[in-house]
Amino acid sequence: MNEMELLTHMLNKVPADASPARAGARLRAEILQEPSPRAGAAGSSPARRSWPGWATRVTGAPARNGTRRRARLALAGGLVAVALTGALVAQAVERADTPAPSSTYKTGTGARLAAWTVRRGPGGVLVVTISELRDPSGLAALLRSYGVPARLEFPGYNFIPTTSLRVIPRSCKSPNMSPRAYSELQTKILPPRWAWMHIKRTRVGPHSYIFKLPPGGFASLESFAIQPSAIPAGIGLFIEAWAAQPGQTGTQLDRNTDLVEASPQCTG
Amino acid sequence: MPSERRSGPQDDDAAVIASSLADPDQFAVLFERHAPLLYRYVARRLGRDVAEDVVAETFLHAFRQRASYHSDCPDARPWLYGIATRLVGRHRRAEIRQYRALARTGVDQVAESFTEAVEARVSAAWQCRRLAAELAALPAAYRDVLLLVAWAELTYDEAALTLGVPVGTVRSRLSRARARLRKQLGREPAGGAHEQVSGSLPHPRVEL
């Protein structure tokens, strides 16, 4: 048996029909967060694709550990529908008594628009909204003033498929922790949307819910939250946002956030 | 009422991704098509639990970046495995740890996690243990190429596309990786394997 046959022998110990059910549930939740053109036109709950076994199996699977995972399964595992009608929307949570710190720019017509804003949300989270890829260092400085060591990069439109996943900059180091600890800390620092945005949930079955978005509908989804109190000493964030195609803004932007070791070279 | 174009099994990946731009639900077709084998590949490298997260992240990245997919690539596997391989790179220590554990103890923790057996069975053959020891010792670039070809079953061209390197580089890395494995596997049990991993190895068992 040569080395390639031995490798195949090793691979064959892992069943080929194992289903990544949790991965399917996470993708499904992500897809449901994206507006469907058909849904917008219909003005009512869209007829979503009937998801096959890997999605429904999640509802019957025992939760492995942790409330986060259970919450994820509860949200994503069931039959989830997002109602878009204006009559059904619930209250917004992002209420700023004072104007939110922002970076503005002037358009060709003279109007001033906010490239990004940072507001205080419920539970002390910082709600960051990036609408235009401008002034990353200004946003990083503002986040630092809120106690979030952060490095921001807006790389722009520079992707080809095989190299589109960027890694953290050379001047930054990943924190030395187990993958599970990293993932759990990342979830605490970057709480999932349903943890800070008021999304009203109505149970319609054993594992089925209807989620109602706050005013603004999907436009509010360009925001994300950072919980400063969850950031331990020595940890910072590397946040990058980019447009997959020229001219994309707001909810069309892609974003990735990694934990890094806070240092003068990396997070300033 | 306008007719809807739904992706089907006859559509190539590029067509599915293109249709998912207008109808995000269509991206589920890509998941159904590639997630099981991608999961198997990642699970073999990192173990079952981490593989779930890596596969999830892979498809989330792919979904968010699908607008930038090159429509002239009908097979999305190089794209997906490229993302997955970069994510696997973040767990390099965990990967090497499980290879070393297999080499040291003979217990294949990855395989065990997929079985219902409660007790840990020392079932890995002697050669597998040596192979694991050498996998842990391989440079990451060699290991990525080797496992993309051996475990993900990508062609040289696809592996090159996946890693963003020329095909010649894939060939040379694969050749060197295989030569190192052959050299290691060809040694007598009392030889180099002991030097690669800490702890003593029992007498080899003939299982293959």
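Residues numbered from 1 in each chain as written. Chains lettered and ligands numbered in written order. Predicted model: local features only at pLDDT ≥ 70, side-chain atom pairs only at ≥ 80, totals over all residues.

### Quick word on the overall build of chain B
Looking only at helices and strands, one finds 11 helices and 0 strands in chain B. When the helices and strands of chain B are placed in sequence order, the string is α-α-α-α-α-α-α-α-α-α-α. Put simply, chain B has 208 residues, and 49% of those count as buried. Within chain B, contacts between residues at least 6 apart in sequence are counted, and of these 65% link residues at least 24 apart. (Helix = DSSP H or I, 4+ residues; strand = E, 2+ residues; numbered from the N terminus. Buried ≥ 20, exposed ≤ 12 C-beta atoms within 10 Å, placed from the backbone. Contact = placed C-beta atoms within 7 Å.)

### Notes on the confidence of the model for chain B
Residue and element names in this part refer to chain B. Put simply, chain B has an average pLDDT of 78, and 79% of its residues get 70 or more. Mean pLDDT values over the elements of chain B span from 36, in helix 11 (residues 193-196), up to 91, in helix 8 (residues 140-150). Overall, residues 1-5 carries pLDDT values under 50, and its contacts beyond four positions in sequence, including any with other chains, amount to 1 contact. Across residues 188-208 the pLDDT falls below 50, and counting only partners more than four positions away or on other chains, this stretch makes 28 contacts in the model. Here the predicted complex scores 0.48 on pTM and 0.74 on ipTM. (pLDDT = per-residue confidence, 0-100.)

### A short note on the sheet that holds strand 9 (residues 235-242) of chain A
All names here are of chain A. Within the open sheet, the 3 strands sit side by side as 5-9-10. Their pairing is mixed. Two strands close off the open sheet at either side, each with one partner strand: strand 5 (150-153) and strand 10 (254-261). Strand after strand, the sheet turns through a mean of 15° between neighbouring axes, direction not considered. Sheet topology note: the strand 9/strand 10 ladder contains 8 bridges and is antiparallel. The residue of strand 10 that forms the bridge with I235 is E261. (Pairing = 2+ DSSP bridges. Axes fitted to C-alpha atoms, helices over the stretch in contact; angles between N-to-C directions.)

### Quick look at the nonpolar core
The biggest cluster of nonpolar side chains holds 67 residues, and the ones touching the most others in it are B:L38, B:V42, B:V54, B:V55, B:F59, B:A84 and B:V145. Ranked by the residues each element gives to this core, the list is headed by helix 2 (residues 27-46) of chain B, at 12 residues. Residues contacting B:V145, with those up to four places away along its chain left out, are B:A159, B:L163, B:V170, B:R173, B:L174 and B:A177. Counting 32 residues, the second-largest nonpolar core is a separate cluster that includes A:V118, A:I189, A:L237 and A:W242. (Core = buried A, V, L, I, M, F, W, Y, C linked by C-beta atoms within 7 Å.)

### Structural notes on the packing of helix 2 of chain B against helix 3 (residues 48-64) of chain B
Residue and element names in this part refer to chain B. In contact at an axis separation of 9 Å, helix 2 and helix 3 are set at 145° when each is read in the N-to-C sense. Along this stretch, helix 2 crosses helix 3, giving a crossing that reads as right-handed. On helix 3, the residues that touch F27, F31, A35, L38, Y39, V42, A43 and L46 of helix 2 are R48, V50, A51, V54, V55, T58, F59 and F63. Residue classes in the contact of helix 2 with helix 3 are distributed as 14 nonpolar, 1 polar and 1 charged. (Left-handed = near helix turned anticlockwise from the far one by under 90°. Nonpolar A, V, L, I, M, F, W, Y, C, P; charged D, E, K, R; others polar.)

### Focus on helix 6 (residues 136-145) of chain A
Residues and elements named next belong to chain A. All of the buried residues in helix 6 are P136, L139, A140, L142 and L143. Along the long axis of helix 6, the arc covered by the buried residues comes to 165°, so they all point the same way. Looking at the residues trailing helix 6, positive phi occurs at G147, about 90°. (Arc of directions from axis to C-beta.)

### Here we look at the packing of helix 7 (residues 126-137) of chain B against helix 10 (residues 167-185) of chain B
All names here are of chain B. Relative orientation of the contacting elements helix 7 and helix 10 amounts to 135°, with a least axis distance of 10 Å. As the angle between them shows, helix 7 and helix 10 are arranged oblique. Relative to helix 10, the crossing made by helix 7 is right-handed. In this structure, helix 7 contributes Q127, R130, L131 and E134 to the contact, and helix 10 contributes R180, L181, Q184 and L185. Here the contact of helix 7 with helix 10 is built from residues that sort into 3 nonpolar, 2 polar and 3 charged. (Parallel < 35°, antiparallel > 145°, perpendicular 65-115°, else oblique.)

### So, the environment of B:G164
Its location among the elements puts B:G164 in the loop between helix 9 (156-163) and helix 10. The spatial distance from the C-alpha of B:G164 to the C-alpha of B:W79 is 10.0 Å, given a sequence separation of 85 residues.

### Notes on the confidence of the model for chain A
All names here are of chain A. Looking at chain A, the pLDDT average stands at 66 and 54% of residues meet or exceed 70. Confidence, expressed as mean pLDDT per element, reaches its minimum in chain A at helix 4 (residues 53-60) with 27 and its maximum at strand 5 with 91. Confidence drops under a pLDDT of 50 for residues 36-99, and excluding neighbours within four residues, the segment shows 97 contacts in the predicted structure. Contacts of residues 159-166 to residues separated by more than four positions or lying in other chains number 23 contacts, the stretch itself having pLDDT below 50.

### Quick word on the environment of B:A140
All names here are of chain B. Note that A140 resides in helix 8. For A140 and I96, which are 44 residues apart along the polypeptide, the C-alpha to C-alpha distance reads 9.8 Å. Leave out the neighbours within four places in its chain, and A140 touches G89 and R92.

### With respect to the environment of A:A225
All names here are of chain A. Here A225 lies in strand 8 (residues 223-226). With 22 C-beta atoms counted inside 10 Å, the residue A225 sits in the buried group. Separated by 97 residues in sequence, A225 and V128 place their C-alpha atoms 6.0 Å apart.

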